[in-house]
Amino acid sequence: MDDEAEIRGLLERWARAVHEGDLDAVLDRHSADIVMFDVPPPHRGARGIAAYRETWPGFFEWQRQGAVFEIESLDVTAGADVAFAHALLRCGTAAEFAEDAERRLRLTVGLRRDDGRWVVVHEHHSFATS
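The written sequence of each chain sets the order in which its residues are numbered from 1. pLDDT decides what is reported in this predicted model: residues at 70 or higher carry local features, side-chain atom pairs at 80 or more are listed and counted, and totals for whole chains, interfaces and linings draw on all residues regardless. Side-chain numbers come from the whole structure's heavy atoms, not from hydrogens or water.

**Some words on the pattern of salt bridges**
What counts as a salt bridge is simple: a side-chain nitrogen of Lys or Arg found within 4 Å of a carboxyl oxygen of Asp or Glu. Scanning the entire structure with this criterion turns up eight salt bridges. The salt bridge involving Arg 29 is made with Glu 6; its shortest N-O contact spans 3.0 Å. A residue pair is termed long-range when its members are at least 10 positions apart, and Arg 29 in the loop between α2 (23-27) and β1 (30-37) and Glu 6 in helix α1 (residues 3-20) qualify at 23 residues. Between buried and exposed lies partly exposed: a residue is buried under 20% and exposed over 50% of the maximum accessible area for its type, with that area taken using a 1.4 Å probe on protein chains only. Classification of Arg 29 by relative accessible area gives buried; the value is 14%. Where Asp 114 meets Arg 112, a salt bridge forms, and the shortest distance between an N and an O atom there is 3.1 Å. Numbering of helices and strands runs from the N terminus; a helix is a DSSP stretch of H or I covering at least four residues, while a strand is a stretch of E covering at least two.

**Focus: the packing of aromatic side chains**
Note on ring pairs: Phe, Tyr and Trp rings are taken, using the six-membered ring of Trp, and paired if centres are within 6.5 Å. Classes follow the plane angle, with under 30 degrees stacked, over 60 edge-to-face and the rest tilted. On inspection of all chains with the given rule, the structure shows seven aromatic pairs. On the numbers, 6.1 Å between centres and 80° between planes, the contact of Trp 14 with Trp 56 is edge-to-face. Linking Trp 14 in helix α1 with Trp 56 in helix α4 (residues 56-63), this pair joins segments that are 42 residues apart in sequence. Pair check on accessibility: Trp 14 and Trp 56 agree, each one buried. Measuring from centroid to centroid gives 5.8 Å for Trp 56 and Phe 60, while their planes differ by 25°, and the two rings are stacked. Here Trp 56 and its partner Phe 60 are both found in helix α4, four residues apart, which amounts to about one turn of the helix. Both residues of the pair, Trp 56 and Phe 60, count as buried.

**Here we look at the sheet that holds strand β3 (residues 68-78)**
Two strands make a pair as long as DSSP finds a minimum of two bridges between them. Spatially, the six strands line up as an open sheet ordered β2-β1-β6-β5-β4-β3, and their pairing is mixed. Unpaired on one side and paired on the other, β2 (46-47) and β3 mark the two borders of the sheet. Across two bridges, β1 lies against β2 in antiparallel orientation. In the strand pairing of β2, Met 36 is matched with Ala 46.

**Description of the layout of surface pockets**
Method remark: on a 1 Å grid restricted to protein atoms, a set of points is classed as a cavity if a 1.4 Å probe fits but cannot get out and as a pocket if it is open with protein on both sides within 12 Å along at least five of seven lines; lining residues have an atom within 4 Å of a point. Grid points are joined across faces, edges and corners, and a volume is the space filled by probe spheres set on the points. Roughly 280 Å³ of volume is contained in the largest pocket. In terms of lining residues, the largest pocket is bounded by 20 residues, among which Asp 38, Val 39, Pro 40, Phe 59 and His 125 are the most central. The set of elements that each furnish at least two residues to the lining of the largest pocket consists of β1, α4 and β6 (117-127). Per element, the largest residue contribution to the lining of the largest pocket is four residues, and it comes from α4.

**Let's talk about unusual backbone geometry**
Put simply, Pro 41 and Pro 42 share a cis peptide bond, and its omega is 10°. With respect to the helices and strands, the residue Pro 42 is situated in the loop between β1 and β2. Phi angles above zero are rare outside glycine, and Arg 29 is one such case at about 60°. With a phi angle near 50°, Asp 115 is a residue other than glycine that sits in the positive phi range.

**Observations regarding the pairing of strand β5 (residues 105-114)**
In terms of strand pairing, strand β4 (residues 82-92) meets β5 through eight bridges, oriented antiparallel. The residue bridging Val 82 from the neighbouring strand is Arg 112, located in β5. Bridging between β5 and β6 involves ten bridges; their strand directions are antiparallel. Each bridged residue has a counterpart across the sheet, and for Thr 108 the counterpart in β6 is His 124. Hairpin geometry of β5 and β6 is characterised by an intervening segment of two residues between the two adjacent antiparallel strands and by a positive phi of about 50° at Asp 115.

Shape descriptors only; they carry no functional weight alone.
What follows is the structure in structure tokens.
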């Protein structure tokens, strides 16, 4: 499997895990020193896997209200030891999409190769503001 296909598979599994509320699978292939900039606070980011882990229960609770979380487009670029990906995801409830049908979560991911495996070292999630 080539690197871009491997990374694409990793991110597709991650998105399914997020949608299913499977925290262990969400954390899989994320580095201990991950940095994530997310939509809600803390605006200085979640730093380290423990802080990253703490961001998910609230999101899973919101998602149980019927929200979707699905990749719409995903582009991957891989080098020898580092890679990045950017994606647009449908992320929201039916009411949010009724208000704004074009609502999309923007995702940028940085990865590095550790011991021959790709791991996520950076995530940035955002919504466009009007």
